[in-house]
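# Understanding the architecture of this molecule
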Amino acid sequence: MMSKTVSATFKTTVAARQAIFELEAAGFTEKQLSVVAADGSIGKSFNVERETKAAEGGAVGGVAGGVIGAIAAGLAAVGSVVIPGVNLVVYGTLVAAAAGAGVGAAAGGLTGALIGAGIPEFVAKRYEDEIKDGAILVVVDAKDSDQAKRAKEIFDRGDAHNIAA
């Protein structure tokens with residue numbers, strides 16, 4: 001079975017959080033999700049204080065519960081991942097692995113990291129612009145085509161923009 005990437009941006013905190021809650025209810029785990037946002041927008045998106053330390057991240061996660069809690073704890077523990085051109089906060093193995101491997105620096109910032117994570121170039125460029133403008137990117141690493149279809153349906157029902165599957 002090969003995994004499939006499904007992604008979308010959200011203009012509001014409420015929309016991003018709702019999509020993540022619905023993904024969790026559909027059986028997706030925090031290990032299947034990546035979240036990328038500009039440094040300035042992440043705190044208000046997931047109730048993460050920029051000064052939060054890793055140990056406190058667990059407390060944030062415990063209070064929030066579920067996948068949102070795991071993401072908040074992970075964001076608090078991980079902090080900013082600096083990709084040339086954009087100061088970002090990245091959560092999740094899919095995008096963080098691409099950025100950490102230097103794909104972003106070699107291919108041109110966030111766009112390169114997203115391409116390395118399996119997102120088509122024209123979509124990645126659009127996502128980078130939206131994130132710079134405050135949007136939140138949610139990326140799902142679906143286990144199979146059925147899960148990919150469910151993720152896309154959740155994004156379609158929500159307030160998602162530029163859905164790519």
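Everything numeric in this text was worked out from a predicted model, so none of it was measured.

Each helix and strand in the protein was counted, giving nine helices and six strands. Here the protein holds 165 residues, and the buried ones make up 48% of them. Sequence separation of at least 24 residues holds for 71% of the intrachain contacts in the protein that already meet a minimum separation of 6. Per element, the accessible surface of the protein, about 7,400 Å² overall, is 54% carbon and sulfur.

Turning to the pattern of salt bridges, a few remarks are in order. In total, this model carries five salt bridges according to the counting rule given. In this structure, the salt-bridge partner of Lys125 is Glu121, at a minimum N-O distance of 3.2 Å. Taken as a pair, Lys125 and Glu121 lie in helix 8 (residues 121-132) at a separation of four residues, close to a single helical turn. With relative accessibility at 45%, the residue Lys125 sits in the partly exposed group. Note that Lys132 and Glu128 form a salt bridge whose closest N and O atoms lie 3.7 Å from each other. In this pair, Lys132 and Glu128 are both assigned in helix 8, four residues apart and thus about one turn of the helix distant. On the accessibility criterion, Lys132 (47% relative accessible area) is partly exposed.

Evaluation of the coordinates by the stated rule reveals one aromatic pair. On the numbers, 5.6 Å between centres and 70° between planes, the contact of Phe10 with Phe155 is edge-to-face. Of this pair, Phe10 sits in strand 1 (residues 4-10) while Phe155 sits in helix 9 (residues 145-157), placing them 145 residues apart in sequence. Each member of the pair, Phe10 together with Phe155, is buried.

Where a protein is soluble and globular, its nonpolar side chains tend to be buried together. Counting 22 residues, the largest nonpolar core has Val6, Phe10, Leu23, Val138, Val140, Ala151 and Phe155 as its most contacted members. Among the secondary structure elements, those contributing two or more residues to this core are strand 1, helix 1 (13-25), strand 2 (33-38), strand 5 (136-142) and helix 9. Counting residues per element, this core draws most heavily on helix 1, which supplies five residues. When near neighbours in sequence (up to four residues on either side) are disregarded, Phe10 contacts Ala15, Ala16, Ala19, Ala135, Ile136, Val138, Phe155, Asp159 and Ala160.

Along the chain, Ala19 falls in helix 1. Judged by relative accessible area, Ala19 falls into the buried class, the value being 6%. For Ala19 and Ala151, which are 132 residues apart along the polypeptide, the C-alpha to C-alpha distance reads 9.0 Å.

Caution is warranted with low-pLDDT regions, since their predicted coordinates should not be read in detail. Looking at the protein as a whole, its pLDDT mean stands at 73, while 59% of the residues score no less than 70. Confidence, read as mean pLDDT per element, is least for helix 3 (residues 54-64) in the protein (39) and greatest for helix 9 (95). Under a pLDDT of 50 for its full length, residues 48-64 has, in the predicted model, 22 contacts with residues more than four places off or in other chains.

A few words on helix 1. In an α-helix, one turn spans 3.6 residues; hence positions three or four apart end up facing the same way. Here helix 1 is 13 residues long and its end C-alpha atoms lie 18 Å apart, about the 18 Å a rise of 1.5 Å per residue gives. When helix 1 is considered as a whole, its buried residues turn out to be Ala15, Ala16, Arg17, Ala19, Ile20 and Leu23.

A separate point is helix 9. The end-to-end C-alpha distance of helix 9 is 18 Å, a good match for the 18 Å that 13 residues give at a rise of 1.5 Å each. Turning to helix 9, the residues buried within the fold contact strand 1, helix 1, strand 5 and strand 6 (160-164). If you check the start of helix 9, you find a side-chain oxygen 3.1 Å away from the backbone N of Asp146, and it comes from Asp144.

Conventions and cut-offs
Residues numbered from 1 in each chain as written. Predicted model: local features only at pLDDT ≥ 70, side-chain atom pairs only at ≥ 80, totals over all residues. Heavy atoms only, no water. Helix = DSSP H or I, 4+ residues; strand = E, 2+ residues; numbered from the N terminus. Buried < 20%, exposed > 50% of the residue type's maximum accessible area, 1.4 Å probe, protein only. Contact = heavy atoms within 4.5 Å. Areas by Shrake-Rupley, 256 points an atom, 1.4 Å probe, with all protein chains shown as cover. Salt bridge = Lys/Arg side-chain N within 4 Å of Asp/Glu carboxyl O. Phe/Tyr/Trp six-rings, centres within 6.5 Å; stacked < 30°, edge-to-face > 60°. Core = buried A, V, L, I, M, F, W, Y, C linked by side-chain atoms within 4.5 Å. pLDDT = per-residue confidence, 0-100. Expected span 1.5 Å × (residues − 1). Polar contact = N/O pair within 3.5 Å; in protein donor to acceptor, adjacent residues only side chain to side chain.

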